[in-house]
Amino acid sequence: KGDKVSWKTLPHKKQLLLISLCRLSTPLTNACLLPYLYYLVKSIISDPSHPSAPQRISRLTGLLAAAYPIGQITTSMLWGRASDTYGRKPAIILGLLISVIANLSFGFSRSIGMLFFWRVVAGMANGIVGVMRTMTAETVKDRKHQTRAFLAPPLVFNSGRVAALAVGGCLADPVRNLPGLFGPDGVFNVGRNPEGVEWTLRNPYALPAVFNGAVLGFCAILAALWLKETLSSKGNDTDVGLVIGNWISASLKTVFQRKRDQGYIPLQLEDSNDPISPNPIRPSSSSGTSTPVQQPHPPRPHFLSIWTPHLLKTLLTFSLLPLHNSTFLHLFPLFLSMPISPHPPNTPIYFTGGLGLSPPTIGLYLATFSIFGILLQLLLYPHLQTRLGTLGVLRLANLIFPLVYISIPYLSLFSTSTLAKWPAMAAVLFAQVVARTMAIPSTVLLLTDAAPSRNVLGTVHGAGNTVSA
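In this text the structure is predicted, and so the values were computed from the model without any measurement. (Residues numbered from 1 in each chain as written. Predicted model: local features only at pLDDT ≥ 70, side-chain atom pairs only at ≥ 80, totals over all residues. Heavy atoms only, no water.)

### Looking at the packing of aromatic side chains
Under the counting rule described, the total for this entry stands at 11 aromatic pairs. With a centroid separation of 5.5 Å and 75 degrees between ring planes, the pair formed by Y38 and Y39 is classed as edge-to-face. Classification of Y39 as buried rests on a relative accessible area of 19%. With a centroid separation of 5.9 Å and an interplanar angle of 15 degrees, the aromatic rings of F401 and Y405 are classed as stacked. Taken as a pair, F401 and Y405 lie in helix α16 (residues 381-407) at a separation of four residues, close to a single helical turn. Looking at F401, the relative accessible area reads 2%, which means it is buried. One aromatic cluster in this structure is built from F328, F332, F335, F401 and Y405. (Phe/Tyr/Trp six-rings, centres within 6.5 Å; stacked < 30°, edge-to-face > 60°. Buried < 20%, exposed > 50% of the residue type's maximum accessible area, 1.4 Å probe, protein only. Helix = DSSP H or I, 4+ residues; strand = E, 2+ residues; numbered from the N terminus.)

Here is the structure:
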């Protein structure tokens, strides 16, 4: 009974929460622009009313979507190797800060070339995803807790995706979508410009980027102050940020906590089995005093010896999931955005045009179904993983994906039917969410288990992020 595994018994929840908050960099940077990317490109290109404009816009949005993983490919291995050398925490904080700059710059760019450049930089910054997965594995080492530990970042990721899709759709072109705040009579139109807030007129798609930058900047501050280093060789190094964070925590407790006892306050020593604690304490046999345990650090394997046949096969599996899942996540919003194409005469089945939905509708609709992913990860995945095993759950997901993708083109048949369009979209989205909810944590767990040594996890997950990009 005492060994029962549940969310309540999961150790190091605070550290997992901090790692998960850092994981918000991906959905905010990548998912936020999906509802409005088509319209952003349309606002920049010349002659957007030309008959061939929808196809040209789709091609450009595809290039912008590809720019992000191009950046990840170039840096993921470097981030992983650097984190194995200099520590996980510095890599994560630096990546977040670069991501803040890339988001803000993207939002205020008004040319395809600059948009492409800042998407590449954003991808380079988010090469730290592998480092975050490594940190999760090092924070919770007990295998019985690892399933839920590796679900924590995806849960926050999906929550961030919900918020990012909704924010991206609703904050895009705020003069039109939020006239009460940014319109001619809006609260923020202090200059009373007859058309609305001037900077949002010049940069109609900058507001979501400003939101992203603010959130990621806040996450970087939290990580600097309270995230603990997990690389064993760096455990004894002085962490100035952590010292300041502990002082802030102690000060807040002093201010807000009611002192029930004015006498002695017992010291709370960290658990000696805490994998995050760099210096576990044990009593000295001679004097009874506490002395630090000197933990030996095993030598890191040679770089070429890391790539065992089992690891290479697992990396191949790891790369196949984003090959189709990311394609769906980028193409489906474009399909929803593109204008409805008239039914060609004498053609019973046709696959042209889109569903003609607006950015707020797309953002809120996709966000609603992302909520299902959160619930499924909380309630369904741990039980399925217990019954079927990690590999069994991945196989089940891989049976669902092809059925979803085969069904998608047929949605265009319902583009003019309000009664049939929404249920058909819901069925496709729900099935895809179920499949990816099962597949994503499974591939991460399999990759972690395939690492030949714990002290090359950063390199292994960096390689995973590279092949997935």
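There's plenty left to go through after this.
### Considerations on the UniProt feature "transmembrane region" (unreviewed entry) in the protein
UniProt's feature table lists "transmembrane region" (unreviewed entry) at residues 16-39, 91-109, 116-135, 205-227, 315-336, 362-381, 393-412 and 424-447, given in the numbering used throughout. As annotated, residues 16-39 has a helix share of 71% and a strand share of 0%, and its two end C-alpha atoms lie 37 Å apart. Secondary structure content for residues 424-447 is 100% helix and 0% strand, and the end C-alpha separation is 35 Å. (UniProt positions renumbered as here; feature names shortened; annotations may be inferred.)

### A short note on empty space enclosed by the protein
Counted under the stated rule, the structure contains three cavities of 30 Å³ or more. Contributions of two or more residues to the lining of the largest cavity are made by α8 (143-171), α14 (309-337), α15 (359-379) and α17 (418-450). Looking at which element gives the most residues to the lining of the largest cavity, the answer is α14, with four residues. Estimated volume of the second largest cavity: approximately 70 Å³. Residue lining of the second largest cavity: L28, T29, C32, L33, Y36, A102, N103, F106, R119, A122, A209 and N212, and that is the complete set. At the level of secondary structure, the elements contributing two or more residues to the lining of the second largest cavity comprise α2 (25-31), α5 (88-107), α6 (112-125) and α12 (207-226). Take the lining of the second largest cavity: its biggest share by element is three residues, from α5. In terms of residue class, the lining of the second largest cavity is built from eight nonpolar, three polar and one charged. (1 Å grid on protein atoms, 1.4 Å probe; cavity = no way out; pocket = protein on both sides within 12 Å on 5 of 7 lines; lining within 4 Å. Points joined across faces, edges and corners; volume = space filled by probe spheres on them. Nonpolar A, V, L, I, M, F, W, Y, C, P; charged D, E, K, R; others polar.)

### Topic: the packing of helix α1 (residues 13-22) against helix α7 (residues 129-139)
Axis separation between α1 and α7 bottoms out at 10 Å; the angle between their running directions is 175 degrees. Considering the angle they form, α1 stands roughly antiparallel to α7. Where α1 abuts α7, its residues Q15, L16, I19 and C22 lie against M132, M135, T136 and T139. Considered class by class, the residues forming the contact of α1 with α7 number five nonpolar, three polar and no charged. (Axes fitted to C-alpha atoms, helices over the stretch in contact; angles between N-to-C directions. Parallel < 35°, antiparallel > 145°, perpendicular 65-115°, else oblique. Contact = heavy atoms within 4.5 Å.)

### A look at the pattern of salt bridges
Applying the stated criterion across every chain yields a total of five salt bridges. Of the charged contacts in the structure, one is a salt bridge between D239 and K89, with a shortest N-O distance of 2.8 Å. In this pair, D239 is assigned in the loop between α12 and α13 (240-256) and K89 in helix α5, connecting sequence segments 150 residues apart. What makes K89 buried here is its relative accessible area of 5%. A salt bridge links D173 to R176, with the shortest nitrogen-to-oxygen separation between them at 3.7 Å. (Salt bridge = Lys/Arg side-chain N within 4 Å of Asp/Glu carboxyl O.)

### Digging into unusual backbone geometry
A positive phi angle is found at H12, which is not glycine, with a value near 55 degrees. You can see H12 is positioned in the segment before α1. Classification of H12 as partly exposed rests on a relative accessible area of 23%. With a phi close to 45 degrees, D173 is a non-glycine residue in the positive phi region. Mapped onto the elements of the fold, D173 is located in the loop between α8 and α9 (174-177).

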